[in-house]
Amino acid sequence: MITSVKEILNKAKEGHYAVGAFNTANLEVTQAIIKAASEMHSPVIVQITEKTMNYTGGRAIFNLIKNVAEFYYPKIPVGIHLDHGKSLEIIQRVADIGFNSVMYDGSRDKYDDNLSATKKVVDFCKKRNISVQAELGSVPYFGEIGLEDADWDKYMTNPNQAEEFVEMTGTDALAVAIGNAHGFAKERETPDYARLEMINKKLNIPLILHGASDWESGRVEEVIKRGICCFNVDTAIRLAFVNNLANSLKNKGEISFDIRKVLGSAREAVENAVKEKIKLFGSDGKA
Ligand code: G3H
Ligand code: 13P
Ligand code: ZN
């Protein structure tokens with residue numbers, strides 16, 4: 001059942017658990033995410049990026065997610081979300097397609113520019129009943145920080161700025177940077193829990209954590225206690241899919257020409273990876 005991301009996030013926030021927002025780029029990953037959620041009785045968010053839209057076509061992937069959710073898993077709340085939208089144009093494009101939730105990511109811009117661009121996006125979206133996630137501070141990517149110790153201070157979300165930013169933009173949710181990084185990059189030795197706690201005290205909106213695909217249960221519990229109610233997961237899914245595919249092609253001695261067999265096996269690997277995350281985040285049994 002297609003449900004608004006806003007509702008899924010607000011329920012998670014009230015219930016003190018987190019949901020997963022899982023990135024998809026094809027049929028198999030989409031099916032695996034929603035099937036895993038269904039078997040775990042969990043709400044779920046399925047999201048795509050601009051690169052995925054360019055790969056699949058925006059309407060094709062949107063309607064694929066919608067059809068899988070509506071026709072095959074009508075009892076499970078499924079939110080569809082644009083991840084890391086970087087311009088008002090892309091937000092307008094997905095609004096026309098039917099998305100009711102977007103991320104506007106101005107985190108690479110100066111504070112004032114991020115604030116004014118986010119505000120424009122929120123103004124556009126409010127009129128169309130679309131909820132917005134913004135990012136303040138910035139969650140680096142593997143290529144940006146490499147394997148060495150990064151200067152984490154320059155990436156972190158400033159709690160006072162966050163309060164002003166949310167008030168002035170009216171964003172519905174906020175992605176925060178507390179030492180987390182996209183991909184399986186080297187992260188800050190310990191996430192800045194005190195900073196997250198402060199941000200959570202100042203804001204009364206859902207807080208999202210990107211780049212925590214590789215976090216184990218201890219860290220996950222600590223941040224849920226301090227207000228994180230959604231984790232974005234992409235790398236863990238990509239690895240589950242590609243590693244399984246590589247094994248299928250390498251280990252069989254004879255390569256199967258039945259793409260349904262090799263992709264079906266990769267789909268199962270993703271389903272298992274998603275189930276593990278759902279259990280870790282505590283959204284099992286919440287649908
Ligand atoms: O943060 C989002 C993704 O992990 C990067 O995804 O390669 O589809 O832009 P992308
Ligand atoms: P990971 O790279 O840790 O999976 O993070 C994904 C993400 O933040 C997508 O927006
Ligand atoms: Zn991200």
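Structure's up top.
These notes cover the structure that comes with them. (Residues numbered from 1 in each chain as written. Chains lettered and ligands numbered in written order. Predicted model: local features only at pLDDT ≥ 70, side-chain atom pairs only at ≥ 80, totals over all residues. Heavy atoms only, no water.)

1. Digging into the site of ligand 1
So, point 1. Taken together, the residues surrounding ligand 1 are Thr49, Lys51, Asp83, His84, Tyr141, His182, Asp234 and Arg238.
So, point 2. A distance of 3.3 Å is found between an oxygen atom of ligand 1 and a side-chain nitrogen or oxygen belonging to Lys51.
So, point 3. In isolation ligand 1 has 310 Å² of accessible area, and contact with the protein removes 80% of it.
So, point 4. The pocket occupied by ligand 1, as judged from atoms lying within 2 Å of grid points, is the largest pocket.
So, point 5. In terms of residue class, the shell around ligand 1 is made up of one nonpolar, three polar and four charged. (Near = heavy atom within 4 Å. Polar contact = N/O pair within 3.5 Å; in protein donor to acceptor, adjacent residues only side chain to side chain. Areas by Shrake-Rupley, 256 points an atom, 1.4 Å probe, with all protein chains shown as cover. 1 Å grid on protein atoms, 1.4 Å probe; cavity = no way out; pocket = protein on both sides within 12 Å on 5 of 7 lines; lining within 4 Å. Sits in = over half its atoms within 2 Å of the grid points. Nonpolar A, V, L, I, M, F, W, Y, C, P; charged D, E, K, R; others polar.)

2. Some thoughts on helix α1 (residues 5-15)
So, point 1. Every buried residue belonging to α1 is among Val5, Ile8, Leu9 and Ala12, and all of these are buried. Along the axis of α1, the buried residues cluster in a sector spanning 95°; they form a single face.
So, point 2. Positioned one or two residues after α1, His16 has a phi angle of 60°, which is positive. (Buried < 20%, exposed > 50% of the residue type's maximum accessible area, 1.4 Å probe, protein only. Helix = DSSP H or I, 4+ residues; strand = E, 2+ residues; numbered from the N terminus. Arc of directions from axis to C-beta.)

3. Considerations on the nonpolar core
So, point 1. By size, the foremost hydrophobic cluster in this structure holds 73 residues, and its most contacted members are Phe22, Leu82, Ile91, Leu174, Leu209, Val223 and Phe231.
So, point 2. Among the elements that line this core, the one with the most residues is helix α12 (residues 259-281), at seven residues.
So, point 3. In contact with Ile91, not counting residues within four places along its chain, are Leu82, Val102, Met103, Tyr104, Val121, Phe124 and Cys125.
So, point 4. In this structure, Tyr17, Ala21, Ile45 and Ala173 belong to the second largest nonpolar core, which totals 14 residues. (Core = buried A, V, L, I, M, F, W, Y, C linked by side-chain atoms within 4.5 Å. Contact = heavy atoms within 4.5 Å.)

4. Looking at the pairing of strand β1 (residues 19-23)
So, point 1. Across the five residues of β1, five count as buried, placing the element largely inside the fold.
So, point 2. By the alternation rule, side chains of β1 split into Val19, Ala21 and Asn23 and Gly20 and Phe22, which are all buried.
So, point 3. Alignment of β1 against strand β8 (residues 228-233), held across four bridges, turns out to be parallel. The partner of Phe22 across the bridge, within β8, is Val233.
So, point 4. Pairing of β1 with strand β2 (residues 44-48), which is carried by three bridges, proceeds in the parallel orientation. When the bridges of β2 are listed, Phe22 appears paired with Val46.
So, point 5. Since β1 and β2 lie parallel, the crossover through helix α2 (residues 27-39) that links them has a hand, and here it is right-handed. (Pairing = 2+ DSSP bridges. Right-handed = clockwise from strand over helix to strand, strands pointing away.)

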